[in-house]
Amino acid sequence: MSDYLTEFLANRIFLVAATAWFVAQTLKVLLTLIVDREFQFERFHGSGGMPSAHTATIVSASTAIGLVEGFSSSIYALSLIMAFIVMYDASGVRRSVGTQARLLNNIIKDIYKHKHFEEDKLKELIGHKPTEVVVGAILGIIIANLMI
């Protein structure tokens with residue numbers, strides 16, 4: 001079992017992707033600290049915000065696969081398709097869910113003013129603006145090129 005774990009942790013593609021995720025999440029914490037002047041540890045593991053860690057992770061992995069296996073390989077093509085799906089989801093579907101959560105939270109707040117309402121607020125920061133996805137992609141490409 002320890003050989004499997006050692007071999008897995010030596011996987012260059014995994015290390016690139018994990019590093020990209022860590023850098024993106026750390027940047028979210030730092031940007032929140034600079035912009036909002038508030039330390040929010042939840043930004044380290046939460047979704048949404050600048051840059052997109054999902055995008056940085058998958059794009060760095062895809063770029064690293066291309067660099068290692070070749071940009072004409074089948075595995076690179078598959079990873080690139082997955083990267084496009086993740087980026088679409090981050091900026092489209094998940095962003096819409098966040099907008100709907102904000103609207104529902106406003107409805108809940110309005111109802112609460114008029115009578116007792118015991119539901120928790122929905123998480124609003126779920127998806128990404130297109131610029132957050134683009135910055136995540138650029139971050140992923142840079143990290144993969146630096147590490148491979």
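Residues numbered from 1 in each chain as written. Predicted model: local features only at pLDDT ≥ 70, side-chain atom pairs only at ≥ 80, totals over all residues. Heavy atoms only, no water.

A.B. asks: Help me out: how do you make sense of the overall build of the chain in this one?
C.D. replies: On a plain count of helices and strands, the chain comes out with 5 helices and 0 strands. For the chain, the α and β elements follow one another from N to C terminus as α-α-α-α-α. A sequence separation of at least 24 residues applies to 69% of the contacts in the chain between residues at least 6 apart. Total accessible area computed for the chain in this model is approximately 9600 Å², and 66% of it derives from carbon and sulfur atoms. (Helix = DSSP H or I, 4+ residues; strand = E, 2+ residues; numbered from the N terminus. Contact = heavy atoms within 4.5 Å. Areas by Shrake-Rupley, 256 points an atom, 1.4 Å probe, with all protein chains shown as cover.)

A.B. asks: Even after reading the chapter, I still don't get the packing of aromatic side chains, so can you show me in this structure?
C.D. replies: By convention here, two paired aromatic rings are described through the distance between centres and the angle between planes. Within the structure shown, the criterion is met by 2 aromatic pairs. With a centroid separation of 4.5 Å and 40 degrees between ring planes, the pair formed by Phe8 and Phe14 is classed as tilted. For Phe8, a relative accessible area of 34% translates into the label partly exposed. Using a relative accessible area of 33% as the deciding quantity, one classes Phe14 as partly exposed. A ring pair is formed by Phe71 and Tyr76, whose centres lie 4.9 Å apart and whose planes are at 80 degrees; its orientation type is edge-to-face. Judged by its relative accessible area of 15%, Tyr76 falls in the buried class. (Phe/Tyr/Trp six-rings, centres within 6.5 Å; stacked < 30°, edge-to-face > 60°. Buried < 20%, exposed > 50% of the residue type's maximum accessible area, 1.4 Å probe, protein only.)

A.B. asks: Please explain the packing of helix α3 (residues 53-69) against helix α5 (residues 130-147) as it appears in this structure.
C.D. replies: Helix-helix packing is described using two parameters, namely the angle between the two axes and the distance between the axes. The N-to-C vectors of α3 and α5 enclose an angle of 35 degrees; their axes lie 7 Å apart at closest approach. For α3 against α5, the interelement crossing comes out right-handed. Contact residues: Thr55, Ala56, Val59, Ser60, Thr63, Ala64 and Leu67 in α3; Val133, Gly136, Ala137, Leu139, Gly140, Ile141, Ala144 and Asn145 in α5. In terms of residue class, the contact of α3 with α5 is made up of 9 nonpolar, 6 polar and no charged. (Axes fitted to C-alpha atoms, helices over the stretch in contact; angles between N-to-C directions. Left-handed = near helix turned anticlockwise from the far one by under 90°. Nonpolar A, V, L, I, M, F, W, Y, C, P; charged D, E, K, R; others polar.)

A.B. asks: Looking at this structure, I do not really get the nonpolar core. What am I missing?
C.D. replies: Note on soluble globular proteins: their nonpolar side chains tend to be buried together. Ranked by size, the top nonpolar core spans 9 residues in total: Val16, Ala20, Ala24, Ala53, Ala56, Ala64, Leu139, Ile143 and Ala144. Looking at this core, the elements that each hand over two or more residues are α2 (12-36), α3 and α5. Ignoring sequence-local partners within four residues, the contact set of Ala24 consists of Pro51, Ala53, Ala56 and Leu139. Among the nonpolar cores identified, the runner-up in size contains 6 residues, and Val59, Ala90, Val133 and Ala137 belong to it. (Core = buried A, V, L, I, M, F, W, Y, C linked by side-chain atoms within 4.5 Å.)

A.B. asks: How should the environment of Ala61 be read in this particular structure?
C.D. replies: Among the secondary structure elements, Ala61 is positioned in helix α3. Classification of Ala61 as buried rests on a relative accessible area of 14%. Residues Ala61 and Ala20, 41 residues apart in the sequence, show an inter-C-alpha distance of 8.7 Å. Beyond its immediate stretch of four places on either side in the chain, Ala61 contacts Ile13 and Ala17.

A.B. asks: Mind showing me how you'd approach unusual backbone geometry here?
C.D. replies: Note: most peptide bonds trans; most residues except glycine with negative phi. Residue Pro51 is bonded to the preceding Met50 through a cis peptide linkage, with omega at -10 degrees. For Pro51, the location among the structural elements is in the loop between α2 and α3. The backbone phi angle of Arg37 is positive, close to 55 degrees, even though this residue is not glycine. Among the secondary structure elements, Arg37 is positioned in the loop between α2 and α3.

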